[in-house]
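Report on the structure
Now for the letters of each chain:
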Amino acid sequence: MSKAHSEATGIKDLSVHEDGVMMVLKQKPSALKSLALPADAQVAIVSKSAAALQKVRERNKQLAGQAFRFFTGAAKKTAVVNKEAFAPDARALAVLDGVRIVQEDLRRSGGAYDLDQVRTLLRGISRQAVDKRVQEGSLLAVPGPSNHRSFPTLQFNADGTIVEGLKSVREALPTNNPWSILNFLAQPDDRLGGRKPIDLLKEGKVELVVEAAQRMAQQGA
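Notes on the structure in this doc start here.

1. Quick look at the overall build of the protein
Secondary structure summary: the protein contains nine helices and seven strands in total. Out of the 221 residues belonging to the protein, those deemed buried represent 33%. If you take every contact in the protein between residues at least 6 apart in sequence, the share linking residues at least 24 apart comes to 48%. Taken as a whole, the protein presents about 14300 Å² of accessible surface, with 51% of it coming from carbon and sulfur.

Structure, rendered in structure tokens:
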């Protein structure tokens, strides 16, 4: 298409394809009366301006009998996503590492029972009785799969009873986070000569473990 014809008709580009003709219009197209097309032509008219397409329809009524299709070709702006904005910072990564550590503590210390298993160990007590022990601090529960409570096995003696002194230790610790409490119980503690608090509790040495928990609280203050 020549430059003069383009300026006269308002057609920026005319492409002839096997299945028809495509025209890309300028912002303000003029009449298309001088454009000769085959009777069976399939034509697509594309413009960035919806208003321009409407003017084409209004000014070129003779096109109504032909297979014309009108499209707005305005480019959609795609938001640029900064992937770095979604990366967890050092603090967030530390929290994640902390969860992984205590979950490993749980695995190494024997895993956890579910609610029904705990009820069996405690001679068939009710769910409400289990809840009461968790709330008062004499039984430790951590979030388990599907957010169901799980009960670390390390807090139970060989006969299925709960280790004595858990409530006193939990009251002495500077945190109520169940994962942090589990970490304290399961990890060797320098304040206890490198022994695990849970092992000392099972030996009945509750006061030593409570003192270690209190020193931990003092050091964190």
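2. Topic: the packing of helix α3 (residues 90-108) against helix α7 (residues 178-186)
The axes of two packed helices give the description: the angle between them and the distance between them. Relative orientation of the contacting elements α3 and α7 amounts to 55°, with a least axis distance of 9 Å. Viewed along their axes, α3 and α7 adopt a mutual orientation that is oblique. Between α3 and α7 lies a crossing of left-handed hand. Residue-level inspection shows I101, V102, Q103, D105 and L106 of α3 in contact with α7, the latter providing W179, L182, N183 and A186.

3. Side note on the pattern of salt bridges
Counted according to the given criterion, the structure contains eight salt bridges. Close ionic contact of R100 with D97 constitutes a salt bridge, the shortest N to O distance being 3.6 Å. Of this pair, R100 and D97 both sit in helix α3, three residues apart, which is roughly one turn of the helix. You can call D97 partly exposed: its relative accessible area is 37%. Between D116 and R127 there is a salt bridge, with its nearest N and O atoms 3.9 Å apart. Taken as a pair, D116 in helix α4 (residues 115-121) and R127 in helix α5 (residues 127-136) lie far apart in primary sequence, 11 residues in all.

4. Considering the side chain of Q155
Counting through the fold element by element, Q155 comes out in the loop between β7 (149-152) and α6 (166-172). In this structure the side chain of Q155 is engaged in a polar contact, spanning 3.1 Å, whose partner is the backbone oxygen of P152. In contact with Q155, not counting residues within four places along its chain, are L139, L140, T161, I162, V163, L166 and I198.

5. Regarding the pairing of β7
Of the strand pairs in this sheet, strand β5 (residues 112-113) and β7 are connected by two bridges, and their pairing is antiparallel. Within the sheet, the bridge partner assigned to A112 lies in β7 and is P152. The pairing of strand β6 (residues 142-143) with β7 spans two bridges and is classified as antiparallel. In the sheet register, P143 faces β7, and the bridge partner there is R149. With antiparallel pairing between neighbouring strands as the criterion, β6 and β7 make up a hairpin whose turn holds five residues, including S146 at a positive phi of roughly 55°.

6. Things to note about the side chain of S138
Relative to the helices and strands, S138 is located in the loop between α5 and β6. For S138, the side chain forms a polar contact with the side chain of E136, separated by 2.8 Å. Apart from the residues lying within four places of it in its own chain, the contact partners of S138 are R133, I162, L166 and K167.

7. A short note on α3
Quick reminder: α-helices carry 3.6 residues per turn. Residues three or four places apart thus point the same way. Taking 1.5 Å as the rise per residue, α3 with 19 residues should run 27 Å; its terminal C-alpha atoms sit 27 Å apart, in good agreement. Here α3 has its buried residues at V102, D105 and L106. Down the axis of α3, the smallest arc covering the buried residues is 100°, so these residues share one side. Turned more than 90 degrees from where α3 packs its buried face, A90, R100, R107 and R108 sit exposed. Two or three places before R91, at the start of α3, stands the capping residue D89, its side-chain oxygen 3.3 Å from that residue's backbone nitrogen.

8. A word on the sheet that holds β7
Strand order in this open sheet of three strands is β5-β7-β6, and the pairing throughout is antiparallel. Two strands close off the open sheet at either side, each with one partner strand: β5 and β6.

Reading guide: rules and limits
- Residues numbered from 1 in each chain as written.
- Predicted model: local features only at pLDDT ≥ 70, side-chain atom pairs only at ≥ 80, totals over all residues.
- Heavy atoms only, no water.
- Helix = DSSP H or I, 4+ residues; strand = E, 2+ residues; numbered from the N terminus.
- Buried < 20%, exposed > 50% of the residue type's maximum accessible area, 1.4 Å probe, protein only.
- Contact = heavy atoms within 4.5 Å.
- Areas by Shrake-Rupley, 256 points an atom, 1.4 Å probe, with all protein chains shown as cover.
- Axes fitted to C-alpha atoms, helices over the stretch in contact; angles between N-to-C directions.
- Parallel < 35°, antiparallel > 145°, perpendicular 65-115°, else oblique.
- Left-handed = near helix turned anticlockwise from the far one by under 90°.
- Salt bridge = Lys/Arg side-chain N within 4 Å of Asp/Glu carboxyl O.
- Polar contact = N/O pair within 3.5 Å; in protein donor to acceptor, adjacent residues only side chain to side chain.
- Pairing = 2+ DSSP bridges.
- Expected span 1.5 Å × (residues − 1).
- Arc of directions from axis to C-beta.

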